[in-house]
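Working through the structure, step by step
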Amino acid sequence: MMDVILSVSKFVGIMVIVTGVVQYTNYFMQLVLAAIQLVSSGKAARSDALWRRYSDTVPPIAILVPAFNEEKTIVESLSSLMAMQYPNYEAIIINDGSSDGTLDVLIKAFGLKKTSRLYSPLAPHEPIKAIYRSPHQKRVIVIDKANGGKSDALNAGINVSRAPLFCCVDADSVLEPDALLRTVRPFMEDPERTVAVGGTVRIANGSIIRNGQILKVQLPKKLLPLLQTVEYLRAFLMTRLAWSQLNTVLIISGAFGLFRRDAVLQVGGYSLGTVGEDMELVVKLHRDLRERKQDYRIKFIPEPVCWTEAPETLEVLRHQRTRWQRGTLETFERHGKMAFNPRYGLVGVIGFGNILISDVIGPVVDAIGYILFPILAITGTLPLDYFLAYVAVTSGFGLAISVGSLALEEAQLRRVPKASDLALLTGICILENLGYRQLNSLWRIRGGLQYLQKSQSWGVMTRKGFTSY
Amino acid sequence: MPAKILVADDDRLLRGLLQHKLAAAGFEVDIAEDGGTAYQLASTMQYALLVLDAMMPVMDGFEVLRRLKDNPYTARLPVVMLTARRGEQDVMDALEQGASEYLTKPFIPDELVLRIRKRIEDDQARELYAQTQRNLPNERIA
Amino acid sequence: MNSLILIWQVACVLAGASLVWMLTLIVSRLIRTRRESIFQKRRDTITEAMSRILWDETGATVIDDKRLWKSQMVPEVFLGFVALVRGEERDRLIHRLIANDVDDQFRRLLHHRRKSVRFAAVEALAYFPGLSTAKSVDALIENTKAADIRIAGMRTLVSIGSYPLVPDVMAELSHPNASARRLQSVLSGLALHRLQDLLEYLQRSGITDTERAYLLESLGASADYSVLEILQTALQDEAPTIRAAALEGLADLAHPDAAPAIALCLRDSDWNVRAAAIRALRESAGYTYASEISALLSDPVWLVQFESAQALADMGPLGHNLLESSARGLDERVSRTASLALAELGFAGDGP
């Protein structure tokens, strides 16, 4: 009997290890792809050079900022948005039925007046109550509408905007002044095919921010945001850049993304009532464009353009991660027919395959491992080679990947302020594999379970970082 | 007493150039490195004129202009926009809001000095004219 | 089980290798930080030297350190200056740089190993016209693998009045990552000086629709009456992109003779073409076709409605009258579009 249990658990152990190896092979391929992309695109140009080269030919952009109860920060955010380096853009704030004074502070600070504006009712949203505009600053528009959530607000913004491109921005995102000029480049280089471009998001905690602008980049001082710094580096610099190479980017962060208005309207705008509307939109675009057999590109640029406040407490972080996981699974279900369907090309195979491995199967197998291996170890039945291979897949490979992407950032972008910061981040890469990664797997499972229960009580929206709104 | 001019631009090179050029033309020059400082200085100090960039951190030039014009104490401060933004809409917005001049970069330094001088002289001339009008004997007006 | 041990070993090697790589990067960052402060100082010295030349009307300024001009940062700093000033001061700077053979140095920097330096050098050479610049930029275009540098080279050629050959420019269109919108401006620059070549290329058999669209659009910049007919013929092309591009060209040309042909496109089956036709009519026909344009207020595609409302709004009293009568009309969509357009103009109160 013992023998049977032992060999079964050994078999399960092997499965855990094999899944880990598959996962990391996947990551290593991403790292290589990202490295190729970064090296071939060379060093990023200085922003005055960008202005010199592109400012006379760039298309107009509408910046869309959904705002819900943001009276404390919205004036500052809008002021800094107006100070972007870009020749022709307008900023549209969508007040999504705030219960605080968001609208009033805007009206007062910018001298807004009620106006009418011809707009297209193309994407669905709750009714617009009024449109405000500054009589003197024509680039500022504020939409006041009934509450309907983030997708709903963005849809209203898309309808009211007129520029061929729109840029969705979270009200608490801090943008680099040249963010638009950098992100618009793929649209300049390949205007016919490019439909969306994502930009790299970094963690703002610890940096000095005044008036909605980064004065000095510094690393976070707390452990949790530091861990997320490494995590973001990996997610953006490695994964998304690699997928951009293969045209299989499945998510453009809601914190900052640039889209072609007509392409988004073609799919009816953002889907209402979704948790992960940012991912859902991109997947929907892929699906529509593949089904219509269009040649298109959804791109990603490696230079950091947007800074965001990361959760600093475990509870808020857990909430954020479970929500992300629900969003991913929801999108996966809604567009599940794309998975491994040759009709959708690489998006179906690599994009969805990746979700399957790292978001659906991965966390479950991880959890099995966390239970199985300690038991085997305690009962003294864990062979050494099993133990070592398990350590390799839980920590060794992870370390190599994290340090690898940090090295890639340093070799090509060099945005980490100081040499000592690099050393600190390297240390964090090691630490990350001892607990944080495991915690993340558990949160994913939690998110998965919530998803299965179709839990509607999605918790209180805490005003901090992404969870706001 | 030389007229005092406020220069608001986030570009170090331009600030240096203007400081030199305007000082050589006999003006006294104050510097603001961002829009927030520019608005603060302009609304607390007395200047003969403001040279204003559009794309600046904290508050962009158009917003500085709007606030200055909305503020009764600063509404009459002459503002010369000097910016790399060349769009028609930008020019018209700025002039409509009350900017006195709109010059685009690259600019001709001598032209800028001439326009600034002209604007200040015009202001002085108008004031003088108003004074002489007031001092005239009543029957001349009637 | 050997393969399990192998996994462990591979993980150890990879982790070790990544840590070693990181360590070298940290060390090289330490060195770099020091070097960058030297660079910054050098940059400041160059900036100061150029400022002195800029303000020195007598031309007496002596720059003692001739090595200063050899620096790879000179083109970048120079471009900063010309982005700010023009006129007498800029000319003085350029002449002094030529007197110091800095333009020769710029041409040499076209072979620099760093791309950003080559890029800045080729852009800076736009201010140093002459045969030797044309030659070295030509050579750069011939030899470089980077599409963005080639396009920058072509722009430099256009601005020094030595125009690149049309087939060379067109060849760039087939490269991925060529900045197509920047190429369009090169083509428009050619339209004035190499119009015949553009037209010849247009006649070639086997050119793609994309190429034709770019060529047609650039013809508008030629300000030449003879292209009118070519553009008008293209309005009958079966590809909508070609028709739309020809309309863009006609909008640029803004010649009233084209108006009747453009007006026919208001009934095109493709909505992009209809929208482009409204824009082109705004440029070339004044208010002659106001009522035809107002008919598109009921277009099934929103963007076309919008363009037509905008065109009418821009047309002065006649357009406003048409909008007002449409606003009172029975068709709900038309009246909504028209009244919103009027409200935005500041007529008719706050709108619905």
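Residues numbered from 1 in each chain as written. Chains lettered and ligands numbered in written order. Predicted model: local features only at pLDDT ≥ 70, side-chain atom pairs only at ≥ 80, totals over all residues. Heavy atoms only, no water.

It is worth spelling out the overall build of chain B at this point. Looking only at helices and strands, chain B features 6 helices and 5 strands. Ordered by position in the sequence, the α and β elements of chain B form the string β-α-β-α-β-α-β-α-β-α-α. Along the three orthogonal principal directions, the C-alpha set of chain B runs to about 55 × 30 × 30 Å. Taking all 142 residues of chain B together, 46% fall into the buried category. (Helix = DSSP H or I, 4+ residues; strand = E, 2+ residues; numbered from the N terminus. Buried < 20%, exposed > 50% of the residue type's maximum accessible area, 1.4 Å probe, protein only.)

All names here are of chain A. A contiguous nonpolar patch, built from Leu223, Ile430, Leu431 and Leu434 and spanning about 360 Å² of accessible area, is present on the exposed surface. By residue number, the principal contributor to the nonpolar patch is helix H14 (residues 419–453), which donates 3 residues. Turning to its location among the elements, leucine 434 is positioned in helix H14. (Patch = residues over 30% accessible without salt bridge, like charges linked within 9 Å, V, L, I, M, F, W, Y side chains within 5 Å. Areas by Shrake-Rupley, 256 points an atom, 1.4 Å probe, with all protein chains shown as cover. Salt bridge = Lys/Arg side-chain N within 4 Å of Asp/Glu carboxyl O.)

Turning our attention to the interface of chain A and chain C. Taken together, the contact between chain A and chain C spans 56 residues of the former and 46 residues of the latter. Across the chain A to chain C interface the summed buried area is about 4,500 Å²; carbon plus sulfur atoms make up 64%. Put simply, chain A and chain C have 6 salt bridges between them. C:Glu76 is paired through a salt bridge with A:Arg52; the nearest N and O atoms lie 4.0 Å apart. Run the count over chain A and chain C and you get 6 residue pairs in polar contact (both at pLDDT 80 or more). Here the side of chain A that touches chain C takes 18 residues from helix H13 (residues 384–412) of chain A, the largest share from any one element. Partitioning the side of chain A that touches chain C into residue classes produces 34 nonpolar, 6 polar and 16 charged. (Contact = heavy atoms within 4.5 Å. Buried area = accessible area lost by both parts, 1.4 Å probe. Polar contact = N/O pair within 3.5 Å; in protein donor to acceptor, adjacent residues only side chain to side chain. Nonpolar A, V, L, I, M, F, W, Y, C, P; charged D, E, K, R; others polar.)

Moving on to the sheet that holds strand S6 (residues 165–169) of chain A. Residue and element names in this part refer to chain A. Ordered by their spatial adjacency, 10 strands build an open sheet running S3-S4-S5-S2-S1-S6-S11-S8-S12-S7, and the pairing between neighbours is mixed. Sheet topology places strand S3 (113–115) and strand S7 (174–175) at the edges, where each strand pairs with a single neighbour. With 4 bridges connecting them, strand S1 (residues 61–67) and S6 associate as parallel partners. Considered in S6, the bridge of alanine 62 is made with phenylalanine 166. Packing of helix H3 (residues 74–82) onto the sheet brings it into contact with S1, strand S2 (89–96), strand S5 (140–145) and S7, and relative to S2 it is tilted by some 165 degrees. Relative to the sheet, helix H5 (residues 150–160) contacts S1, S2, strand S4 (128–133), S5 and S6, its axis offset from that of S2 by approximately 140 degrees. (Pairing = 2+ DSSP bridges. Axes fitted to C-alpha atoms, helices over the stretch in contact; angles between N-to-C directions.)

A separate point is the interface of chain A and chain B. Counting residues at the interface gives 23 residues for chain A, matched by 17 residues for chain B. Carbon and sulfur atoms make up 44% of the surface buried where chain A meets chain B, a total of about 1,600 Å² over both sides. The interface formed by chain A and chain B includes 6 residue pairs in polar contact (both at pLDDT 80 or more). Those elements giving two or more residues to the side of chain A that touches chain B turn out to be H3 and helix H4 (102–110) of chain A. With 3 residues, the top contributor of residues to the side of chain A that touches chain B is H3(A). Broken down by class, the residue content of the side of chain A that touches chain B amounts to 10 nonpolar, 11 polar and 2 charged.

To continue, consider the sheet that holds strand S2 (residues 28–32) of chain B. Residue and element names in this part refer to chain B. Pairing is parallel in the open sheet, where 5 strands are placed in the order S2-S1-S3-S4-S5. Here the strands that pair on one side only, and so sit at the sheet edges, are S2 and strand S5 (101–104). Adjacent strand axes in the sheet meet at a mean angle of 20 degrees, parallel and antiparallel pairs treated alike. Across 3 bridges, strand S3 (residues 49–52) lies against strand S4 (residues 79–83) in parallel orientation. Residue pairing across strands places valine 51 opposite valine 80, the latter belonging to S4.

Before going further, it helps to examine the pattern of salt bridges. The full count for this structure, using the stated rule, is 59 salt bridges over all chains. With a closest N to O distance of 2.8 Å, B:Glu63 and B:Arg66 form a salt bridge. You can see B:Glu63 and its partner B:Arg66 sitting in helix H3 (residues 61–70), 3 residues apart, about one turn around the helix. On the basis of relative accessibility, which here comes to 1%, the residue B:Glu63 falls in the buried class. Between B:Asp123 and B:Arg126 there is a salt bridge; the shortest N-O distance is 3.5 Å. Of the two residues, B:Asp123 and B:Arg126 are both situated in helix H5 (residues 109–135); the distance of 3 residues between them amounts to about one turn of the helix. Its relative accessible area of 23% is what places B:Asp123 among the partly exposed residues. Within the structure, one salt-bridge network assembled from shared partners comprises A:Arg46, A:Asp48, A:Arg52, A:Arg53, C:Glu76 and C:Glu123.

Our next topic: the environment of A:Gly149. All names here are of chain A. Counting through the fold element by element, glycine 149 comes out in the loop between S5 and H5. Among the residues examined, glycine 149 registers a relative accessible area of 24% and is labelled partly exposed. For the pair glycine 149 and glycine 97, spaced 52 residues apart in sequence, the C-alpha to C-alpha distance is 9.0 Å.

A full pass over the atoms with the stated rule returns 0 disulfides over all chains. Here A:Cys306 is not disulfide-linked; the sulfur of A:Cys167 is the nearest cysteine sulfur, at 8.7 Å. For A:Cys306, a relative accessible area of 0% puts it in the buried group. C:Cys12 supplies the cysteine sulfur nearest to A:Cys429, a cysteine that is in no disulfide, at a spacing of 17 Å. (Disulfide = S-S within 2.5 Å.)

This part is about the packing of aromatic side chains. By the definition in use, this model includes 14 aromatic pairs over all chains. Ring geometry for C:Phe78 and C:Phe128: centres 5.4 Å apart, planes at 40 degrees, overall tilted. Taken as a pair, C:Phe78 in helix H2 (residues 74–82) and C:Phe128 in the loop between helix H5 (115–124) and helix H6 (131–143) lie far apart in primary sequence, 50 residues in all. For C:Phe78, a relative accessible area of 0% gives the class buried. For C:Phe128, a relative accessible area of 2% corresponds to the buried category. Taken together, the ring pairs connect A:Tyr24, A:Tyr27, A:Phe28 and A:Phe397 into an aromatic cluster. Across the ring face of A:Phe236, the terminal group of A:Arg240 is positioned such that the distance to the ring centre comes to 4.2 Å. Above the face of the A:Tyr119 ring, C:Arg336 is positioned so that its terminal group lies 5.8 Å from the ring centre. (Phe/Tyr/Trp six-rings, centres within 6.5 Å; stacked < 30°, edge-to-face > 60°. Lys NZ or Arg CZ within 6 Å of the ring centre and 35° of its normal.)

Quick look at unusual backbone geometry now. Cis geometry marks the peptide bond from B:Lys105 to B:Pro106, where omega comes out at -5 degrees. Structurally, B:Pro106 is set in the loop between S5 and H5. Phi at A:Lys293 takes a positive value of approximately 55 degrees, unusual for a residue other than glycine. Mapped onto the elements, A:Lys293 comes out in the loop between helix H10 (277–291) and strand S12 (297–308). Residue A:Phe340 is not a glycine yet carries a positive backbone phi of 55 degrees. With respect to the helices and strands, A:Phe340 occurs in the loop between helix H11 (314–334) and helix H12 (345–378). Taking relative accessible area as the criterion, A:Phe340 reaches 46% and is therefore assigned partly exposed.

Moving on to the confidence of the model for chain B. Here chain B averages 89 in pLDDT, and 95% of its residues register 70 or above. Here helix H6 (residues 138–141) of chain B stands out as the element of chain B with the lowest mean pLDDT, 57, in contrast to S3(B), whose mean of 96 is the highest. (pLDDT = per-residue confidence, 0-100.)

Attention now goes to the environment of A:Pro127. Residue and element names in this part refer to chain A. Among the secondary structure elements, proline 127 is positioned in the loop between S3 and S4. A C-alpha to C-alpha distance of 47 Å links proline 127 and isoleucine 36, two positions 91 residues apart in sequence. Here proline 127 is in contact with Lys145 and Ala146, once residues within four sequence places are set aside.

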